[in-house]
Every structure is written in C-alpha cells, then in structure tokens.
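So the chains spell out like this:
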Amino acid sequence: LDLENELRWAIARNQMFLHYQPQVNAESCRMEGMEALVRWNHPTLGQVPPGEFIPIAEESGIIMDIGKWVLKEVCVQLSRWLADSFDVPSIAVNLSARQFMAPDLVSSIRDIVRGTSCSPQQIVIEITESSSMNDIESVLPILHEFKSLGFQIAIDDFGKGYSALGYMKQFPIDILKIDKSFVQELISDSKSVVITKTIIDMAHGLNLKVIAEGVETTDQLDCLRKMACDIVQGYLIDPPMSPDRLESRYWIGV
Ligand code: G
Ligand code: G
Ligand code: MN
Ligand code: NA
C-alpha cells in the first residue's frame, strides 16, 4: 500500500477534514480560540493518525497543499460561524518547518485569507519551537511578514526543543504554548512545576499570552491557575472535535 501516493489524492477525494480543539480562559473557562487539527479518513484504513501521515506529507512536500487546504477550510468555517453569530475569536493553524521553505508561503496564505471574509487578525500561525530555532535567519523575516499583515503568531511545543532564549526578544510572537510533557508532569514532578512557572513568568514579562497544552486533570488545571496561566487546552476541557459538536458545546444563541 502506497500511503504517499494515496495521500497525494486525499484532498481531491474529499478524505481530509478538520477537527477543532477549544482553548479556554483558565479562570472563566470562556473560549478564547481554538486549534485546527487535520484528519485523514482513508477509505479502507479508516482514520489515519496525523502522527503517521504528517511526516509523510512533510517528506514528500504534500504538506504544501495540505497546508493551503487547511487554511482555506479554517477561513470558510470561521466565516460560516461569524455569519451565524457564533463569536469565535480566532483559530490557530499548525505550520511545519517544511512549509517555511516555500518562497510563496506568506503570499499564498495572505491570498487565501483575502479571498474570504476573514481577516488575518483571526488567524494564529503555530510554529514549533524546533522548526523556528532550526533556521532562524530565514524564519525570522517570514514571521515579521506575517506579523505586519496582522496574523498572530504562537510558538508551539515550547520547552520541548532546545530553547535559544536569546531569540525570544527577536521573535514577533504573541502566544507561547507550553509543551504537554511539562503539564503532564506537574503533579508528579516538582521540577516541572518550577520550569512551567518560569516559562509563564518569562512569557508575561515579554507580554505574551501563555497556553498550557495537554491539560487532562483538575489537579493540573488548579496548579496552572495558581501559576497565572492564561489559557488551557486539553482533554479535560474538550478533545479535538467536529465543527458541529463544537457548535453544540459552545454556541450561545442570540
Ligand atoms: O492532532 P494530533 O491530534 O494527533 O496531531 C498530531 C500532530 O500533527 C501534531 O504535532 C500537530 O501539530 C500536527 N498537525 C495537526 N494538524 C496539522 C496541520 O494542519 N498541519 C501541520 N503541519 N501539522 C498538523
Ligand atoms: O503538536 P501539537 O501541539 O500541534 O498537537 C497537539 C496534539 O495534542 C494533537 O495531537 C492533539 O490531539 C493532542 N492533544 C490535545 N489535547 C491533549 C491532551 O489533553 N492530552 C494529550 N495527551 N494529547 C492532547
Ligand atoms: Mn499545535
Ligand atoms: Na504542541
């Protein structure tokens, strides 16, 4: 079975869809945004996990088309929700390091958003720490271009890669997402508490919002609240889910 070849056709065959995971205020639990996560519904294999097909998509370059499709889909969904007066503040999309190698990344994303009724302010670009630190010279100007167009920028999986903290002052970022490995060790490992607290304080000192990922228990949530974490995301709040389900959980009719 040639997964790569099938992945190439997945968009045209309508096998791709998006799930959305809410990100809520740690205190009030009001929704502050959501993250779009791509899913592949294979005709015989069923749902192929993104952990399996995203690496193939990156390796083969198919991630370029997937990335464009994801953004278009997010804009269409956002427009639909806004038209229904479901007030979704923003949606985050993940970008792979490979996508930053495309010379037309910024212009293609800009044009996709322009072709819809959405504005860049409603889109958060998530870039992993490891991919952004990999090749700072080329990533930095791209991030500045996104920023000047009005997009928000989040550093994903923060703390997991090697953190070149010196670059934190150069990066035009808005949001820092603490990697779930720290969150999941908050209760069992006092070192994770210290590290998480330090990341949150540093982020606040730099005027960044902090999202804790992978929050699964109320103990973890309580701990994060004590540390003044701004936003939480994880199975305790909600898993990634279909737009319909998300609407039924969060839409308050007017
Ligand atoms: O969605 P989880 O639910 O299993 O996602 C697994 C991995 O796939 C995560 O690292 C996530 O960042 C990545 N991923 C999910 N959706 C996208 C996407 O649209 N683009 C890219 N580049 N990565 C994605
Ligand atoms: O790598 P990135 O952070 O973009 O991807 C988020 C990944 O984390 C997705 O695979 C998503 O399904 C997963 N995820 C979301 N909430 C939780 C959680 O509470 N626990 C765990 N273990 N994974 C989560
Ligand atoms: Mn992410
Ligand atoms: Na992450």
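Relevant structure appears above.
Quick notes on the rules
Residues numbered from 1 in each chain as written. Chains lettered and ligands numbered in written order. Predicted model: local features only at pLDDT ≥ 70, side-chain atom pairs only at ≥ 80, totals over all residues. Helix = DSSP H or I, 4+ residues; strand = E, 2+ residues; numbered from the N terminus. Rg over C-alpha atoms; globule rule 2.2 N^0.38 Å. Buried ≥ 20, exposed ≤ 12 C-beta atoms within 10 Å, placed from the backbone. Near = placed C-beta within 6 Å. Nonpolar A, V, L, I, M, F, W, Y, C, P; charged D, E, K, R; others polar. Pairing = 2+ DSSP bridges. Axes fitted to C-alpha atoms, helices over the stretch in contact; angles between N-to-C directions. Parallel < 35°, antiparallel > 145°, perpendicular 65-115°, else oblique. Contact = placed C-beta atoms within 7 Å. Core = buried A, V, L, I, M, F, W, Y, C linked by C-beta atoms within 7 Å. Left-handed = near helix turned anticlockwise from the far one by under 90°. Expected span 1.5 Å × (residues − 1). Arc of directions from axis to C-beta.

Counting secondary structure elements, the protein chain contains 10 helices and nine strands. Relative to the globule expectation of 18 Å for 254 residues, the C-alpha radius of gyration of the protein chain, 18 Å, shows essentially globular dimensions. Principal-axis analysis of the C-alpha atoms gives the protein chain an extent of 50 × 45 × 40 Å. Burial statistics for the protein chain: of 254 residues in total, 37% are counted as buried.

A separate point is the site of ligand 2. Close to ligand 2 lie 13 residues, the nearest being Asn 94, Gly 214, Glu 216, Gly 234 and Tyr 235. Here the residues of the shell around ligand 2 are counted per class, giving four nonpolar, four polar and five charged.

What follows concerns the site of ligand 1. Surveying the vicinity of ligand 1 reveals the residues Leu 37, Val 38, Pro 49, Pro 50, Gly 51, Ile 54, Ile 63, Val 70, Asn 94, Leu 95, Ser 96 and Pro 240. Here the shell around ligand 1 takes three residues from helix 2 (residues 50-60), the largest share from any one element. Among the residues forming the shell around ligand 1, the class breakdown is nine nonpolar, three polar and no charged.

Take the pairing of strand 1 (residues 16-25) next. Pairing geometry for strand 1 and strand 2 (residues 31-42), over nine bridges, is antiparallel. Its bridge partner being in strand 2, Phe 17 is matched across the sheet by Arg 39. The turn linking strand 1 back onto strand 2 is made up of five residues, and Cys 29 within it adopts a positive phi angle of 65°. Summarising the sheet, strand 1 and strand 9 (residues 231-232) pair through two bridges and their orientation is antiparallel. The partner of Val 24 across the bridge, within strand 9, is Val 232.

A packed helix pair is summarised by two numbers, namely the angle formed by the two axes and the spacing between the axes. Between helix 1 (residues 3-10) and helix 2, whose axes approach to 10 Å, the crossing angle comes to 85°. In terms of axis orientation, helix 1 runs roughly perpendicular to helix 2. Here helix 1 contributes Leu 3, Glu 4 and Leu 7 to the contact with helix 2, which in turn contributes Phe 53, Ile 56, Ala 57 and Ser 60. The residue inventory of the contact of helix 1 with helix 2, partitioned by class, reads five nonpolar, one polar and one charged.

By secondary structure assignment, the location of Asp 201 is in helix 8 (residues 190-205). When the 13 C-beta atoms within 10 Å are taken as the criterion, Asp 201 is described as partly exposed. Residues Asp 201 and Cys 229, spaced 28 residues apart in sequence, show a C-alpha to C-alpha distance of 9.0 Å.

Moving on: the environment of Phe 171. Positionally, Phe 171 belongs in the loop between strand 6 (152-158) and strand 7 (175-178). For Phe 171, a count of 22 C-beta atoms within 10 Å translates into the label buried. Residues Phe 171 and Leu 143, 28 residues apart in the sequence, show an inter-C-alpha distance of 7.4 Å.

Bringing the nonpolar core into the picture now. Ile 91, Val 93, Ile 125, Leu 176, Val 210, Ala 212 and Val 232 are the most contacted members of the largest nonpolar core, which has 66 residues in total. If sequence neighbours within four positions are ignored, Val 232 has contacts with Val 24, Ala 26, Ala 212, Val 215, Leu 221, Leu 224 and Ile 237.

Going residue by residue along strand 7, you find Ile 175 and Lys 177 tucked away on one face and Leu 176 and Ile 178 tucked away on the opposite face as well. In this sheet, strand 7 lies alongside strand 6 in parallel orientation, the contact comprising three bridges. Looking at the pairing, Ile 155 lines up with Leu 176 of strand 7.

Moving on: the packing of helix 4 (residues 105-114) against helix 6 (residues 136-149). In contact at an axis separation of 10 Å, helix 4 and helix 6 are set at 20° when each is read in the N-to-C sense. Taken as axis vectors, helix 4 and helix 6 run roughly parallel relative to one another. Like other packed secondary-structure pairs, helix 4 and helix 6 cross with a definite hand, here right-handed. Along the contact surface, helix 4 presents Leu 105, Val 106 and Arg 110, while helix 6 presents Ile 142, Glu 145, Phe 146 and Leu 149. Per-class residue counts for the contact of helix 4 with helix 6 are five nonpolar, no polar and two charged.

It is worth spelling out helix 8 at this point. Because each turn of an α-helix spans 3.6 residues, side chains separated by three or four positions in sequence point in the same direction. Relative to the 22 Å expected for 16 residues at 1.5 Å per residue, helix 8 spans 23 Å between its end C-alpha atoms, a close match to the ideal helical length. Within helix 8, burial applies to Thr 196, Ile 199, Ile 200 and Ala 203. Seen along its axis, helix 8 keeps its buried residues to an arc of 95°; they face one direction. Helix 8 presents Ser 190, Lys 191, Val 194, Thr 198 and Gly 205 as exposed residues on the side facing more than 90 degrees away from its buried surface. Close packing links the buried residues of helix 8 with strand 6, strand 7, helix 7 (180-184) and strand 8 (209-212).

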